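An overview of the molecular structure
Take a look at the letters that make up each chain.
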Amino acid sequence: MELPSEPGPIGIFDSGYGGLTILDSIRRRLPGYDYIYLGDNARAPYGSRSFDVVLDFTRQAVEELFSRGCHLVILACNTASAKALRSIQQQVLPGLDPDRRVLGVIRPTVEKLGAITRSGHIGVLATQGTVDSGSYGLEIQKLYDGGMAVCEMAAPMWVPLIENGEADNPGADYFVRKYVGRIMDADPKIDSIILGCTHYPILLPKIRQFAPEGVSIIPQGEIVAESLHDYLRRHPEIDRKCTRNGCVKFLTTENSEKFNALASKFINCEVDSRRVDIAGLK
């Protein structure tokens, strides 16, 4: 596969819409760069899919973004970060182009915990796929040498609520209260809850409303944006390969009109997407 060598945009990939919350934060922190967002909406959600399928789909998306000139791709999807990132970094990139980079959202989030938690008891609310992977627990224990207690729990109704436009309605209160209460019941010492799905910040006001006083709620957008800023500062060889015209393009594997209508709930800008086919689309 021959890839363009000239500088290009930063790629942002998600299985659906949630990664738009990451893109929104990144653009606020780094407004001068160019970006391409790719949502694999036709095959979403990834959360219930196997490791092999998620890896295959994520690899296809990364190759698509590379073919469009990206030298750096952010997996703005917790499931893809959990199930595919390491394999892509270790197995795919060396044979495809060892000078390109693919980064995830789990590690930057975990790195911030030391400055946030007081009790060392961490909650993670995420999709079932991310919870089943155990990636947050593994990363936390690795980084903090087993010094933190981690409780990971799925909140399966949150994504459907958000994507069906129910996030602001009173009916959503029941499900937000249910999952926040369930994780706090599992470990009452939790003082920090990671929102381990990029959809979940849409529910942030309600999550904070039902979380106990003193519990920090940690969305990922600003953390990932600051981490990317730091990464580009520390890796000028990658930074030089990122173009800067302040432009963003949106791609989706689904119907573009449908994507445009729903995307406005996740990002504070006008969205005019284009539908694309990814190799091997099923």
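See the structure shown above.
Throughout, residues of each chain are indexed from 1 in the direction in which the sequence is written. Reporting of local features is limited, given that this is a predicted model, to residues whose pLDDT is at least 70; pairs of side-chain atoms are given and counted only at 80 or more, and all residues count toward the totals for whole chains, interfaces and linings. To obtain the side-chain values, all non-hydrogen atoms of the structure were included, while hydrogens and water were left out.

A few points about the environment of Ile106
Labels follow the DSSP assignment, with helices taken as runs of H or I lasting at least four residues and strands as runs of E lasting at least two, numbered in each case from the N terminus. Residue placement: Ile106 occurs in helix α5 (residues 106-111). Between the C-alpha atoms of Ile106 and Ser67, which are 39 residues apart in sequence, the distance is 25 Å. We call two residues in contact when some of their heavy atoms are within 4.5 Å. Among residues more than four places away in sequence, those in contact with Ile106 are Asn78, Ser81, Ala82, Ser135, Tyr136 and Glu139.

Remarks on the sheet that holds strand β8 (residues 216-218)
Within a sheet, each strand pairs with its neighbour through backbone hydrogen bonds, oriented either parallel or antiparallel. Pairing is parallel in the open sheet, where four strands are placed in the order β6-β5-β7-β8. On the outer flanks of this sheet lie β6 (149-154) and β8, each paired with one strand and no other. Between one strand and the next, the sheet's axes are offset by a mean angle of 20°, whatever the strand orientation. Strand pairing is defined by DSSP finding a minimum of two bridges between the two strands. As paired strands, strand β5 (residues 121-126) and β6 are joined by six bridges and run parallel to one another. Paired with Ile122 across the strands is Val150, a residue of β6. Interaxial angle, 0 to 180 degrees, is taken between N-to-C directions of lines fitted to C-alpha atoms, where a helix line uses only the stretch in contact.

Some remarks on the nonpolar core
One finds Ile10, Ile12, Leu20, Leu72, Leu125, Trp158 and Leu232 to be the most contacted residues of the largest nonpolar core, which totals 57 residues. The element contributing the most residues to this core is helix α9 (residues 172-186), with six residues. Apart from residues lying up to four places away in sequence, Ile12 is in contact with Gly19, Leu23, Ile26, Tyr35, Ile36, Tyr37, Leu38, Leu65, Ile74 and Ala76. Remark: nonpolar core denotes a set of buried residues (Ala, Val, Leu, Ile, Met, Phe, Trp, Tyr, Cys) joined through side-chain atoms within 4.5 Å. Buried means the residue's accessible area, taken with a 1.4 Å probe over protein chains only, is under 20% of the maximum for its type, while exposed means over 50%, and partly exposed covers the values in between. Tyr46, Ala61, Val73 and Ile278 belong to the second-largest nonpolar core, a separate cluster that totals 25 residues.

Quick word on the layout of surface pockets
In this structure, the largest pocket occupies an estimated 780 Å³ of space. Buriedness for pockets is judged along seven lines, at least five of which must meet protein on both sides within 12 Å for an open set on the 1 Å grid over protein atoms alone, while cavities are sets there where a 1.4 Å probe fits but cannot get out, and lining residues have an atom within 4 Å of a point. Along the walls of the largest pocket sit 32 residues, with Leu85, Ile106, Arg107, Pro108 and Glu139 positioned nearest its centre. Secondary-structure elements contributing two or more residues to the lining of the largest pocket are α3 (78-83), α4 (85-96), α5, α7 (135-143) and α11 (221-234). Polar here means any residue outside two lists: the nonpolar Ala, Val, Leu, Ile, Met, Phe, Trp, Tyr, Cys and Pro, and the charged Asp, Glu, Lys and Arg; Gly therefore counts as polar. Looking at side-chain class alone, the lining of the largest pocket contains 14 nonpolar, eight polar and ten charged residues. Grid points are joined across faces, edges and corners, and a volume is the space filled by probe spheres set on the points. Estimated volume of the second largest pocket: approximately 570 Å³. Pro45, Tyr46, Val159, Glu163 and His199 are the residues nearest the centre of the second largest pocket, which is lined by 31 residues in total. Taken together, the elements giving at least two residues each to the lining of the second largest pocket come down to α3, α6 (128-133), α8 (158-163) and α13 (256-263). Residues that form the lining of the second largest pocket fall into these classes: twelve nonpolar, 15 polar and four charged.

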